[in-house]
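Read off the chains here:
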Amino acid sequence: MTNLQGKTALVTGAGRGIGQAIALKLAAEGARIVLNDLDEDPVKDTVAQIEARGGQAVPCVGSVSAPAFAEEFVSTAVEAFDGIDIIVNNAGFTWDNVIQKMTDDQWDAILDVHLKAPFRILRAAQPVISAAVKAERAAGLQVPCRKVVNISSLAGVGGNVGQANYASAKAGVEGLTRTVAKEWGRYNITVNAVAYGMIHTRLTAASADGDSTISIQGNDIKIGMNPELLEQMERSIPLGRAGTPEEAAGAVYLLCSPESNYISGQTLVCGGGFMI
Ligand SMILES: NC(=O)c1ccc[n+]([C@@H]2O[C@H](COP(=O)([O-])OP(=O)(O)OC[C@H]3O[C@@H](n4cnc5c(N)ncnc54)[C@H](O)[C@@H]3O)[C@@H](O)[C@H]2O)c1
């Protein structure tokens, strides 16, 4: 028997990068996954990978920043798997600029995806979870330990040049984490954050010409890092390298596993020993 057998896990931004690795790991541990991403093809691909390994997953394509998304995400979980046991708020991107050049659009888009979306998803999940806990108590069953993991960043802990929007959003998500941990302890839910250092994904890939962009809802956004800066940053990490998405997913899994049932309101730094 795997550790998460029979659990239902909702993961945002699970089409690629860290979110995909989280979805694959939780599925490998027996969870049924409700899998979101902005982009349809990576969602289909991840669902197919889970099914090919004997797991179960349903897609929920769309932007977590859309006002109606949270309700749709929660009802997809209820319709497909009749409940919610784990929520991982992972979706996001960076849209950097020094503060004097940062536009309101840049600020709002990053606050929306990294902070408002997790808030809305947790708010939409509350009635489902509280009804499930009530029913479990009424039936004399032991209320299982449900889990929330919000994805943060060392930028949220220590700030980072060019990331006033992102660092503020990630610091905000840590406040959200600690608050909901206090509000939801009565439902036997642990709420924690994982703050990553540098993990190898498209966001941190070497980009020699500085021309790598992604398109997020009509905006062309620069991603990737100068290769020399990347090398220098990797050298400053005590383990001497950036992490892999699978290693990043391991930290989330720890906080979803039964071994972490008495850990709540915490931020686990997953950064190869790097400290700010
Ligand atoms: N890679 C790192 O070094 C690093 C460091 C610290 C924190 N993080 C955080 O980890 C999380 C995942 O980042 P990643 O590195 O895997 O990036 P990634 O770009 O590889 O994957 C992010 C996924 O989120 C999706 N996404 C973006 N906006 C979305 C939206 N509005 N709605 C739904 N899906 C959306 C993208 O389509 C993409 O598939 C993010 O929250 C990021 O801030 C990453």
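Our structure's up above, just so we're on the same page.
All figures in this text were calculated on a predicted structure; none of them were measured in a lab.

Caption draft 1: Here's a closer look at the overall build of the protein. What the protein contains, in helices and strands, is eight helices and nine strands. Here the C-alpha radius of gyration of the protein, 18 Å, is about what a compact globule of 276 residues would show, namely 19 Å. With the principal axes as the frame, the protein shows a C-alpha extent of 60 × 35 × 35 Å. Burial statistics for the protein: of 276 residues in total, 49% are counted as buried. Pairs at least 24 residues apart make up 69% of the contacts formed inside the protein by residues separated by at least 6 positions. The positive charge centre, built from 22 side chains, and the negative charge centre, built from 29, are 8 Å apart in the protein.

Caption draft 2: Spotlight on the state of the cysteines. For the coordinates displayed, the defined rule picks out zero disulfides. Cys145 takes part in no disulfide bond, and the closest cysteine sulfur to it belongs to Cys256, at a distance of 10 Å. For Cys145, a relative accessible area of 13% puts it in the buried group.

Caption draft 3: Spatial organisation of unusual backbone geometry. In this structure, Asp82 takes a positive phi of about 65 degrees despite not being glycine. One can find Asp82 in the loop between helix H3 (69-81) and strand S4 (86-89).

Caption draft 4: Spatial organisation of the site of the ligand. Around the ligand sit 31 residues, and of these Asp37, Asn90, Tyr166, Thr201 and Arg202 come closest. Contact distances for the ligand include 3.1 Å between a nitrogen atom and a side-chain N or O atom of Ser63. Within the backbone of Ile199, an N or O atom sits 2.8 Å from an oxygen atom of the ligand. For the ligand, the accessible surface in isolation is 830 Å², of which the surrounding protein chains cover 98%. Broken down by secondary-structure element, the contributors of at least two residues to the shell around the ligand are helix H1 (17-28), strand S2 (32-37), helix H4 (104-138), strand S5 (146-153) and helix H6 (164-184). Looking at which element gives the most residues to the shell around the ligand, the answer is S5, with three residues. Residue classes in the shell around the ligand are distributed as 12 nonpolar, 14 polar and five charged.

Rules of the game
Counting from 1, residues in each chain are numbered in the order their sequence is written. Under the rules for a predicted model, residues below a pLDDT of 70 receive no local features and side-chain atom pairs below 80 are neither given nor counted, while totals for whole chains, interfaces and linings still include all residues. Water and hydrogen atoms play no part in the side-chain values, which are based on all heavy atoms of the structure. Numbering of helices and strands runs from the N terminus; a helix is a DSSP stretch of H or I covering at least four residues, while a strand is a stretch of E covering at least two. For this measure, only C-alpha atoms enter the radius of gyration; the expected value for a globule follows 2.2 Å times N^0.38, where N is the number of residues. Burial status follows relative accessibility: with a 1.4 Å probe on protein chains alone, a residue under 20% of its type maximum counts as buried, one over 50% as exposed, and anything between as partly exposed. The contact criterion used is simple: two residues touch if any of their non-hydrogen atoms lie within 4.5 Å. Counted charges follow a simple rule, with Lys and Arg positive, Asp and Glu negative, and His plus the chain ends left uncounted. For the purpose of locating charges, the reference atoms are NZ of Lys, CZ of Arg, CG of Asp and CD of Glu. The disulfide definition used here is simple: a pair of cysteine sulfur atoms within 2.5 Å. One heavy atom within 4 Å of a molecule or strand makes the whole residue count as near it. Polar contact criterion, stated in full: a pair of N or O atoms within 3.5 Å, where within protein one must be able to donate a hydrogen and the other to accept it, and residues adjacent in sequence count only if both atoms are side-chain atoms. Residue-level accessible areas treat just the shown protein chains as cover; the underlying method is Shrake-Rupley with a 1.4 Å probe. Residues are sorted three ways: Asp, Glu, Lys and Arg are charged, Ala, Val, Leu, Ile, Met, Phe, Trp, Tyr, Cys and Pro are nonpolar, and all the rest, Gly among them, are polar.

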